[in-house]
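Next come the chains, spelled out residue by residue.
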Amino acid sequence: MKKFLLILLLAAGIFLPRTAKAEPVTMILLAPVALEAAKIASPYAISALRSGGLQLYEVGKDAGNILLLPLGILQITAGAPFGLFGQGVENIAMGLAAPFQLVGDLLLVPWCFIGGAMGT
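Source: prediction; values computed, not measured.

What counts and what doesn't
- Residues numbered from 1 in each chain as written.
- Predicted model: local features only at pLDDT ≥ 70, side-chain atom pairs only at ≥ 80, totals over all residues.
- Heavy atoms only, no water.
- Helix = DSSP H or I, 4+ residues; strand = E, 2+ residues; numbered from the N terminus.
- Rg over C-alpha atoms; globule rule 2.2 N^0.38 Å.
- Contact = heavy atoms within 4.5 Å.
- Areas by Shrake-Rupley, 256 points an atom, 1.4 Å probe, with all protein chains shown as cover.
- Lys, Arg positive; Asp, Glu negative; His and termini not counted.
- Charge placed at Lys NZ, Arg CZ, Asp CG, Glu CD.
- Patch = residues over 30% accessible without salt bridge, like charges linked within 9 Å, V, L, I, M, F, W, Y side chains within 5 Å.
- Salt bridge = Lys/Arg side-chain N within 4 Å of Asp/Glu carboxyl O.
- Buried < 20%, exposed > 50% of the residue type's maximum accessible area, 1.4 Å probe, protein only.
- Bend = angle between axes of the 7 residues up to and from the residue.
- Arc of directions from axis to C-beta.

1. Notes on the overall build of the protein chain
Per the secondary structure count, the protein chain includes 4 helices and 0 strands. Starting at the N terminus and ending at the C terminus, the protein chain contains elements arranged as α-α-α-α. Computed over the C-alpha atoms, the radius of gyration of the protein chain is 27 Å, more than 25% above the 14 Å expected from 2.2 N^0.38 for a compact globule of 120 residues. Pairs at least 24 residues apart make up 68% of the contacts formed inside the protein chain by residues separated by at least 6 positions. As presented, the protein chain carries roughly 9300 Å² of accessible surface, and 77% of it is formed by carbon and sulfur atoms. Between the centroid of the 7 positive side chains of the protein chain and the centroid of its 6 negative side chains there is a distance of 21 Å.

In structure tokens, the structure reads:
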């Protein structure tokens, strides 16, 4: 019987809708406090969003650098007679390193959005 009641309470807690209602008087009293808190927090929020955006740019750049691997292979094979062998080797090296850089930058994204790694 105890297990049944526990399961019933757990199911009710999960599946029943939750609504939080505030009285208008409470909202009127707390609105100036909320506005003041928003004014204080806005520079930090903007800094965190800027930092996260820069990190997402790095992720996109690393994802694009993955395409340098097939480009480098093409430059080494078909472009060697035209003097593209050296550039092909550089592109292959960058293309091979890109997935590891991508993983590292992806791991930094949450940290940057809370204002960590890149931001001022």
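So that's the structure; there's more coming.
2. Observations regarding the environment of phenylalanine 82
Looking at the secondary structure, you find phenylalanine 82 in the loop between helix 3 (68-77) and helix 4 (85-113). Once the C-alpha coordinates of phenylalanine 82 and glutamate 23 are considered, the two residues, 59 residues apart in sequence, prove to be 76 Å apart.

3. Some details on a nonpolar patch on the surface
Together, Met1, Phe4, Leu5 and Leu8 give the surface a local cluster of nonpolar side chains, amounting to about 470 Å² of exposed area. With respect to the element layout, leucine 5 can be found in helix 1 (residues 2-15). Residue classification places leucine 5 among the partly exposed residues on the basis of a relative accessible area of 42%.

4. A look at helix 2 (residues 24-65)
Along its length, helix 2 reaches its greatest deviation from straightness, about 45 degrees, at alanine 41, and the proline proline 43 lies no more than four positions downstream. Among all positions of helix 2, only Ala48, Ser51, Gly52, Gln55, Val59, Asp62 and Asn65 are buried.

5. Thoughts on the environment of glycine 64
Looking at the secondary structure, you find glycine 64 in helix 2. Owing to a relative accessible area of 34%, glycine 64 belongs among the partly exposed residues under this scheme.

6. So, the pattern of salt bridges
Enumeration over the complete set of coordinates arrives at 1 salt bridge. In this structure, lysine 61 and glutamate 58 form a salt bridge, with 3.6 Å as the shortest nitrogen-oxygen distance. You can see lysine 61 and its partner glutamate 58 sitting in helix 2, 3 residues apart, about one turn around the helix. By relative accessible area, glutamate 58 is classed as partly exposed at 22%.

7. Points about helix 3
Residues Leu68, Gly72 and Gln75 constitute the buried set of helix 3. Down the axis of helix 3, the sector holding all buried residues measures 60 degrees, keeping them to one side. Counted as exposed and oriented over 90 degrees from the buried face of helix 3: Leu74 and Thr77. Those residues of helix 3 that are buried lie in contact with helix 2 and helix 4.

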